[in-house]
Amino acid sequence: MDRNLPVNLGRVTEAAALASAKFLGRGDKNKADQAAVDAMRRMFDTVDIDGTVVIGEGELDEAPMLYIGEEIGTAGPDDLKVDIAVDPLDGTISVANGLPNAISVVAVAPRGCLLHAPDTYMKKIAVGPRARGVIDIHSPVKTNIINVAKALKKDVSDVTVVVIDRPRHVELVREIREAGARIKMISDGDVLGAISTCFEYTGVDMLMGIGGAPEGVIAAAALKCIGGELQGQLMPATEEQRRRCIEMGSDIDRVYHTDDLAKGEQMAFAATGVSYGELLQGVKYMENNTATTHTLVLRMETGTIRFIESIHQLDKKPEYAK
Ligand code: VTB
């Protein structure tokens, strides 16, 4: 895979973040999401890849842009064919309410390497590189926490687990507290929650709970680049979702490991902060029509982790004209 592709993906997520951050705190999650989708799609047209969206905004009849199956990129027929997984805005409610941890995110891998996950829920457990190999989604919550504490050489009482704040997690929250660990409750955005486990300074050691399956694949791609681990199990919430899982050949009894969700040794990933978070700063609009963005760029082949801080002169970028 072209070594410049990850950085170009950073341009794509920067564009989506800049567009959706205009809607921070404005109470309209749909507009924030639409702005991210439009900007991301436009920027993709400048990237030299031959890709197909495998995780996107929905089927063709649900989404006019970045729909599953859409072909993207400017590369010629001899170039490497890739799978593209996008979440133009993970954390739409956070943006609408001006809350932290919303990001724009993209993962790319050679064709066939990203799981075509159905749009259902997924039970997830994720850890960073130092706790890779000690988690098991079928083990009791307490056992997982104890094993992660041992791997991280810290007390259970110093382990912090990220959980999305949802009624479906009441029992999980009780079990984590009973085990003696701390919880960092987030309102939205478990892709960033999973990635945060890879960076000690975020204070996050584990992610547990039920979020979206497509985002499980995106998070797995990032964790694979950094050496972390994610295990997921599909949790269709309705009969319709269950049917969809079967149609797509997904196995609801199976545990999907990092390598099942994101296969192979070539992976490129980028995420830009939309609203503020411990790992990535949010977009800041500044004087003279400038804006700053903070982007994480990952390239699996070399394991390079890049943080790119950019200052955008929006006057020189007609696509951001007011
Ligand atoms: C949210 C969101 C996540 O899944 O939890 C969503 O915060 C699904 O949950 O980041 P709800 O239906 O309860 O909102 C994610 O988008 C991805 O896993």
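This text follows the structure it describes.
Let me begin by describing the structure that accompanies this report. Per chain, residue numbering runs from 1 following the sequence as it is written. Thresholds applied to this predicted model are a pLDDT of at least 70 for local features of residues and 80 or more for the giving and counting of side-chain atom pairs; totals over whole chains, interfaces and linings are not thresholded and use all residues. Hydrogen atoms and water are omitted, and side-chain values are computed over all heavy atoms in the structure.

## Brief notes about the pattern of salt bridges
Which entries qualify depends on this criterion: By definition here, a salt bridge exists when the distance from a side-chain nitrogen of Lys or Arg to a carboxyl oxygen of Asp or Glu is within 4 Å. Each helix corresponds to a stretch of at least 4 residues labelled H or I by DSSP, and each strand to a stretch of at least 2 residues labelled E; elements are numbered beginning at the N terminus. A 1.4 Å probe rolled over the protein chains alone gives each residue an accessible area, and that area as a share of the maximum for its type sets the label: buried under 20%, exposed over 50%, partly exposed in between.
If you walk through the whole model with that rule in mind, you get 17 salt bridges. A salt bridge links Arg 244 to Glu 59, with the shortest nitrogen-to-oxygen separation between them at 2.3 Å. Of this pair, Arg 244 sits in helix 8 (residues 239-247) while Glu 59 sits in the loop between strand 1 (50-55) and strand 2 (71-72), placing them 185 residues apart in sequence. Residue Arg 182 is joined to Asp 158 by a salt bridge in which the shortest nitrogen-to-oxygen separation is 3.5 Å. Of this pair, Arg 182 sits in strand 7 (residues 182-186) while Asp 158 sits in the loop between helix 4 (141-151) and strand 6 (160-164), and the two are 24 residues apart along the sequence. Accessibility expressed as a relative area gives 44% for Arg 182, which makes it partly exposed. A relative accessible area of 38% means that Asp 158 is categorised as partly exposed.

## A closer look at the side chain of Thr 52
Let me state the cut-off plainly: Under this definition, polar contacts are N or O atom pairs within 3.5 Å; protein pairs additionally need one hydrogen-donor-capable and one acceptor-capable atom, and for neighbouring residues in sequence, both atoms have to be side-chain atoms. Any two residues having at least one pair of non-hydrogen atoms within 4.5 Å are treated as being in contact.
Looking at the secondary structure, you find Thr 52 in strand 1. At a separation of 2.9 Å, a polar atom in the side chain of Thr 52 contacts the side chain of Arg 111. Filtering out sequence-adjacent residues up to four positions away, Thr 52 remains in contact with Gly 69, Glu 70, Glu 71, Val 82, Asp 83, Ile 84 and Arg 111.

## Observations regarding helix 4
Our working rule: For this quantity, the arc is that covered by the directions from the helix axis to the C-beta atoms.
Here helix 4 has its buried residues at Val 141, Asn 144, Ile 145, Val 148 and Ala 149. Down the axis of helix 4, the buried set is contained in an arc of 135°. They therefore lie on one face. Among the residues trailing helix 4, Lys 153 stands out with phi positive, at a value near 55°.

## Quick notes on the environment of Gly 203
Relative to the elements of secondary structure, Gly 203 occurs in the loop between helix 6 (190-196) and strand 8 (206-212). Owing to a relative accessible area of 36%, Gly 203 belongs among the partly exposed residues under this scheme. The spatial distance from the C-alpha of Gly 203 to the C-alpha of Val 159 is 8.5 Å, given a sequence separation of 44 residues.

## So, the sheet that holds strand 7
This is how the line gets drawn: Two strands pair under a simple rule: DSSP has to find at least two bridges between them. Here, axes are lines fitted to C-alpha atoms. For helices the fit covers the stretch in contact, and angles between N-to-C directions go from 0 to 180 degrees.
The 5 strands are arranged 7-6-8-5-9 in an open sheet whose pairing can be described as mixed. The sheet terminates laterally at strand 7 and strand 9 (229-235), the two strands that pair on one side only. Within this sheet the neighbouring strands show an average axis-to-axis angle of 20°, counted without direction. As judged from the 2 bridges shared by strand 6 and strand 8, these two strands associate in the parallel manner. In the sheet register, Val 162 faces strand 8, and the bridge partner there is Leu 207. Across the face of the sheet, helix 4 comes into contact with strand 5 (121-127), strand 6 and strand 8 while running at roughly 135° to strand 8.

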